[in-house]
Amino acid sequence: MKSWIEKVKGAVGRIGSLAYGIESKEAEENEARRIEQEGPPECLAFALFTLVESYVWGGEGAKAYVPFRRSIRLWDTSPELFDSGDRHDFFWSFKWMVTGLAEYPEIPAEQINATIADMERRFSVAGNGMDAVAYAAYRWADHIGDSDLELAFEAWRSTPRDDFSQCPACEPGDRTMYLFEEGRYAEGIRLLENAQEAGAECRTEPADMLSQLQLAYLEVGDADGAARAH
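Rules of the game
- Residues numbered from 1 in each chain as written.
- Predicted model: local features only at pLDDT ≥ 70, side-chain atom pairs only at ≥ 80, totals over all residues.
- Heavy atoms only, no water.
- Helix = DSSP H or I, 4+ residues; strand = E, 2+ residues; numbered from the N terminus.
- Buried < 20%, exposed > 50% of the residue type's maximum accessible area, 1.4 Å probe, protein only.
- Contact = heavy atoms within 4.5 Å.
- Areas by Shrake-Rupley, 256 points an atom, 1.4 Å probe, with all protein chains shown as cover.
- Lys, Arg positive; Asp, Glu negative; His and termini not counted.
- Charge placed at Lys NZ, Arg CZ, Asp CG, Glu CD.
- Axes fitted to C-alpha atoms, helices over the stretch in contact; angles between N-to-C directions.
- Parallel < 35°, antiparallel > 145°, perpendicular 65-115°, else oblique.
- Left-handed = near helix turned anticlockwise from the far one by under 90°.
- Nonpolar A, V, L, I, M, F, W, Y, C, P; charged D, E, K, R; others polar.

Caption draft 1: Broad picture of the overall build of the protein. Scanning the protein from terminus to terminus reveals 12 helices and zero strands. Ordering the α and β elements of the protein from the N terminus gives α-α-α-α-α-α-α-α-α-α-α-α. On the principal axes, the C-alpha backbone points of the protein span a range of 60 × 35 × 35 Å. Going through the 230 residues of the protein one by one, you find that 45% of them count as buried. Across the protein, every contact between residues at least 6 apart in sequence was considered, and the portion connecting residues at least 24 apart equals 57%. Surface accessibility of the protein: about 11900 Å² in total, with carbon and sulfur atoms responsible for 52%. With 23 positive and 42 negative side-chain charges, the protein shows a separation of 6 Å between the mean positions of the two kinds.

Caption draft 2: Main features of the packing of helix α3 (residues 44–57) against helix α4 (residues 65–77). One way to put it is that α3 packs onto α4 with a least axis distance of 9 Å and a crossing angle of 155°. As far as their axial angle goes, α4 and α3 are roughly antiparallel. Relative to α4, the crossing made by α3 is left-handed. Counted together, L44, A45, L48, L51, V52 and Y55 of α3 and P67, F68, R70, S71 and L74 of α4 form the full contact between these two elements. For the contact of α3 with α4, the residue count by class is nine nonpolar, one polar and one charged.

Here you go:
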């Protein structure tokens, strides 16, 4: 017979598998609130992460900051409630917050800077690799047009991959965003073509890299390549 924790986590997981939209977000918020009030407390971290994920992928990243902060408070007060999966989800969500919040002009830069600093501190204390932190810092530097953008990019590129790195399918496209901005089209195209040949796929790939490729091909005068990518 399934335990209470297993049943509640199963219910949260089923809600999380719904298509992203108003109904799923409301259901996840209600479930997180119910768990906070009624328990089991061991399910709260999972419920909060599911809500964060729903907001991020549902196009409302700014709203994700509220359940994200709730998960931070839970981590600080009751880290024993996080199992290994919850722990990974908790640290992974920092990447979404930094890169996602930058898209919303109503979010002050001070808040994003503070989130990156908090992310770096928490990753260090937990003994995590620092690749995700370097990536977040690079993305923010790119967003604000930092004069040290090249240094931020090279710092990320030279940091060893770890459990919190961008997925292998996403990383080539993340790198070529910078390369194409710098006019390094041949280098970026080669990187994406290699990723295509390797069959890299995830939730957003190869769609994102193909959208980059078709424009890059046009920049170098390769209309046939642009048509293929399209």
